[in-house]
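Examining the three-dimensional arrangement
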Amino acid sequence: MRLRETEIEKNSFEVSIGFEDLPFDTTEIELTLGYSDGEIPVHFSGMIDEAAGQLPRRCDIRAGYRILDVSRPEERLDGLVVGGTFFRLDKIVTGQMKKSTQAALFVATIGPSMEEWSRQLLKGDEPALGYIADVAASTAAETVTNLLHDHIGEKMRSLGLNITNRYSPGYCNWSVSEQHLLFSLLPENFCGVTLSESALMHPIKSVSGIIGIGPDVKWKDYICDRCGVKDCTYRATRRRESLNPKL
Amino acid sequence: MENLVARIGECVERGKVNKSSPYPRDMQGQEGTDELTRRALDAGVGPDEILQACSDGMKRIGDRFSRNEVFVPELLMSAKAMNAVMAHLKPFFQTGSVKAKGKFVIGTVAGDLHDIGKNLVAMVVEGNGWEVIDLGVDAKPAKFIDAVKQNPGCTVGLSALLTTTMVNMSRTIGEIKEQFPGTKVIVGGAPLTQKAADQMGADGYAPNPQGVVAFLNGGVQK
């Protein structure tokens, strides 16, 4: 495996990811902002460079996962038991995960510094730069999560297992309130990410979720046409990939 | 003077803040809303007329945003240019010579931290002459109730980005309507539709900031 990992508790691993490991591409920020490739006004393209330039020193990357057993109660079709806890995943996620024998519960974060800088700019004299910094931070957090996802996939393949796409509370009709269940199965203060009473992560630029594992699971694209959220990050990612396959 | 007012509107639309601002490129070195508003006031132009120009400029950029001709960064530059106008007009609001159209309480509902859209709406609504009370993100129903109590006659705007926090939006509307049945509530955010807004009992739905302004100016709270 390319990335180094440390087992901090039984079946719980923290993966070392440096900013230099991220295949970061500012074109992705332009596309997320809405501009077609090469059509962004010069002023904003300068802001993207400024925001991207802040990422190496403001990103405090931490990522990790825990492997747990999965079972599917016969009488329940709306979720799965992960590590002895029933998750009401709704139909979309349950359908994609149902053949899993294990699952990786994961967390990835870039830390609080980018969001704090972005917030200051948004409240101050540079709201456009603040917004672009926010998008750059989200892109970085997703890129870290992609690396973690790839790492887990690589490790499982070496054990003869396959993995699914990843799913997060708050998306694909999986209630954000189930973050509390997810975090209850992770080591305390895992990767420095904590939850608010209303199940929101701190630092904000963090991603948590679940990846199915098993000999018979398959990686499938997100089924966005079954979901009502038109501006979802994952739908946008799919759209970007279809417009620009090199990303 | 008419030219000055028209130029203020144009600068709001183009996001031109002041002479030293490098944005937009084709207006470099020209005066922006800051200098033009000061000059207009010195020349005796009424604050109401300037406010109207500001509102017209925001409407034009808002319409272009709705048509995907421009994106959030352009809208934020316009909001910044508009804020420069508002800084000059603030004393007129404080003395009461210009009256706010009403009060608008806005917040992102509990369980949701997304605030870019909410902030944009707040800025555009303020630029259209409304007093905005921003409750921030992850705002629980009790926070909205308190704000309505403290601002009788206000209109409430609720924002959400996650589908799963629409439940909290519905709960918030229910609690506001139970305690203050006459209070109008408008909702917005990526997962929302007119149908969802109707089902939640909201009085309005807007897919963009201009929609909120149209709802407010349509006679909700005069």
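The structure under discussion appears in the preceding block.
Residues numbered from 1 in each chain as written. Chains lettered and ligands numbered in written order. Predicted model: local features only at pLDDT ≥ 70, side-chain atom pairs only at ≥ 80, totals over all residues. Heavy atoms only, no water.

Notes on the overall build of chain A
Test applied: By definition, any uninterrupted DSSP run of H or I lasting at least four residues is a helix, any uninterrupted run of E lasting at least two residues is a strand, and each is numbered from the N terminus. The buried label applies to any residue whose accessible area, calculated with a 1.4 Å probe on protein chains only, is under 20% of its type's maximum; exposed applies above 50%, and partly exposed to all values in between. Working definition of accessibility: Shrake-Rupley area with a 1.4 Å probe, residue cover restricted to the visible protein chains.
Secondary structure assignment for chain A yields seven helices and ten strands. Every one of the 247 residues in chain A was classed for burial, and the buried ones make up 55%. Looking at chain A as shown, the accessible area adds up to about 11300 Å², and 46% of this sits on carbon and sulfur atoms.

A short note on the packing of aromatic side chains
Heads up, the rule is: Any pair of Phe, Tyr and Trp rings, taking the six-membered ring for Trp, is counted once the centres come within 6.5 Å. Such a pair is stacked with planes under 30 degrees apart, edge-to-face with planes over 60 apart, and tilted for the rest. The rule is short: NZ of Lys or CZ of Arg within 6 Å of the ring centre and within 35 degrees of the ring normal puts a charge over the ring.
Under the counting rule described, the total for this entry stands at six aromatic pairs over all chains. On the basis of an interplanar angle of 75 degrees and a centroid distance of 6.2 Å, the ring pair of Phe87 of chain A and Trp174 of chain A is categorised as edge-to-face. In this pair, Phe87 of chain A sits in strand β5 (residues 85-87) while Trp174 of chain A sits in the loop between β7 (162-167) and α6 (179-184), placing the two residues 87 residues apart along the sequence. Site record: aromatic cluster; members linked through ring pairs are Tyr35 and Phe44 of chain A together with Tyr23 and Phe71 of chain B. Sitting above the plane of the Phe13 of chain A ring, Lys155 of chain A keeps its charged end 3.5 Å from the centroid.

Considerations on the interface of chain A and chain B
Cut-off, in case you're wondering: Should any heavy atoms of two residues lie within 4.5 Å, those residues are counted as being in contact. The quantity reported as buried area is the accessible area (1.4 Å probe) lost by two parts once they are put together, taken as the sum for both. In the sections that follow, a salt bridge refers to a side-chain nitrogen of Lys or Arg positioned within 4 Å of a carboxyl oxygen of Asp or Glu. Distance and chemistry together define a polar contact, namely a pair of N or O atoms within 3.5 Å, with one atom able to donate a hydrogen and the other to accept it when in protein, and with adjacent residues in sequence counting only for side-chain atoms on both sides. In this count, Pro and Cys sit with the nonpolar residues alongside Ala, Val, Leu, Ile, Met, Phe, Trp and Tyr, while Asp, Glu, Lys and Arg are called charged and the others, Gly among them, polar.
On the side of chain B, 24 residues touch chain A, which itself brings 30 residues to the contact. Contact between chain A and chain B buries roughly 2300 Å² in total, counting both sides, with carbon and sulfur atoms accounting for 72%. We note a salt bridge from Lys80 of chain B to Glu126 of chain A, for which the minimum N-O separation is 3.9 Å. Run the count over chain A and chain B and you get two residue pairs in polar contact (both at pLDDT 80 or more). Where the side of chain A that touches chain B is concerned, the elements lending two or more residues are α2 (42-58) and α5 (127-158) of chain A. No other element matches α5 of chain A, which puts five residues into the side of chain A that touches chain B. Of the residues contributing to the side of chain A that touches chain B, the split by class is 17 nonpolar, seven polar and six charged.

Describing helix α3 (residues 47-66) of chain B
Helical periodicity: at 3.6 residues per turn, an α-helix aligns residues three or four positions apart in one direction. All names here are of chain B. The cut-off we apply is this: A helix is expected to reach a length of 1.5 Å times the quantity of its residues less one.
The end-to-end C-alpha distance of α3, which contains 20 residues, comes to 28 Å, matching closely the 28 Å that a straight helix rising 1.5 Å per residue would cover. What α3 keeps buried is the set Pro47, Ile50, Leu51, Ala53, Cys54, Ser55, Gly57, Met58, Ile61, Gly62 and Phe65. One or two positions beyond α3, positive phi appears at Asn68, with a value near 60 degrees.

Section: the nonpolar core
Note the cut-off: Grouping buried Ala, Val, Leu, Ile, Met, Phe, Trp, Tyr and Cys residues that are joined through side-chain atoms within 4.5 Å yields what is termed a nonpolar core. Start and end points for every domain follow an automatic or database-based domain assignment.
Counting residues in each nonpolar core, the largest one holds 94 residues, and the members touching the most others are Ile17, Leu33, Phe44, Tyr65, Ile110 and Tyr131 of chain A together with Val125 of chain B. Top element by residues in this core is α5 of chain A. It accounts for 15 residues. Formed jointly, this core draws a minimum of three residues from each of two domains, domain 1 (2-95) and domain 2 (103-220) of chain B. Residue contacts for Val125 of chain B: discarding those within four places in its chain leaves Phe104, Trp130, Val132, Val212, Val213 and Leu216 of chain B. If you look at the next biggest cluster of nonpolar residues, it comprises 25 residues, including Leu68, Leu80, Leu89 and Phe183 of chain A.

Digging into α2 of chain A
Residue and element names in this part refer to chain A. Counted only if it meets this: Directions are taken from the helix axis to each C-beta atom, and the arc is the one they span.
Taking 1.5 Å per residue as the helical rise, α2 with its 17 residues ought to reach 24 Å, and the 24 Å between its terminal C-alpha atoms agrees with that figure. Phe44, Met47, Ile48, Ala51, Ala52, Gln54, Leu55 and Arg58 are the residues of α2 that are buried. Each buried residue of α2 lies within a common arc of 160 degrees when the element is viewed along its axis, so the set occupies one face. Exposed side of α2, more than 90 degrees from the buried face: Val42 and Arg57 are the residues found there.

Describing a positive patch on the surface
All names here are of chain A. What counts is decided by this rule: Note on patches: the residues involved have over 30% relative accessible area and no salt bridge, like charges join within 9 Å, and the nonpolar side chains Val, Leu, Ile, Met, Phe, Trp and Tyr join within 5 Å. Only four residue types enter the charge count: Lys and Arg as positive, Asp and Glu as negative, with His and the chain ends excluded. The location of each charge is read from NZ of Lys, CZ of Arg, CG of Asp or CD of Glu.
On the surface, Arg72, Lys98, Lys99, Lys218 and Lys220 cluster together into a patch of positive charge. Examined against the element boundaries, Lys218 turns out to sit in the loop between β10 (206-214) and α7 (233-243). On the accessibility criterion, Lys218 (60% relative accessible area) is exposed.

Notes on the pattern of salt bridges
All names here are of chain B. Summed over the entire model, instances satisfying the criterion amount to 17 salt bridges over all chains. Residue Asp26 is joined to Arg14 by a salt bridge in which the shortest nitrogen-to-oxygen separation is 2.8 Å. On the criterion of sequence distance, the pair formed by Asp26 in the loop between α1 (2-14) and α2 (33-42) and Arg14 in helix α1 is long-range, its members being twelve residues apart. The salt bridge involving Arg67 is made with Glu69; its shortest N-O contact spans 2.8 Å. Exposure remark for Glu69: the relative accessible area of 44% places this residue in the partly exposed category. Each of Glu13, Arg60, Arg64, Arg67 and Glu69 takes part in salt bridges that share partners, so that together they form one network.

Points about the sheet that holds strand β3 (residues 155-159) of chain B
Two strands in a sheet stick together by hydrogen bonds in their backbones, pointing the same way (parallel) or opposite ways (antiparallel). Residues and elements named next belong to chain B. So the rule is basically this: Between any two strands, pairing holds if DSSP finds at least two bridges. Only the stretch in contact is used when fitting a helix axis, every axis being a line fitted to C-alpha atoms; angles between N-to-C directions are given from 0 to 180 degrees.
The strand order across the open sheet built from five strands is β2-β1-β3-β4-β5, with neighbouring strands paired in parallel fashion. Both edges of this open sheet fall to β2 (131-134) and β5 (204-205), since each of them pairs with a single strand only. Two elements, strand β4 (residues 185-188) and β5, share two bridges in a ladder whose sense is parallel. Bridged to Ile186 within β5 is Gly204. Helix-sheet contacts for helix α7 (residues 166-179) involve β3 and β4, and the interaxial angle to β4 is about 175 degrees.

Read these as spatial facts, not as claims about activity.
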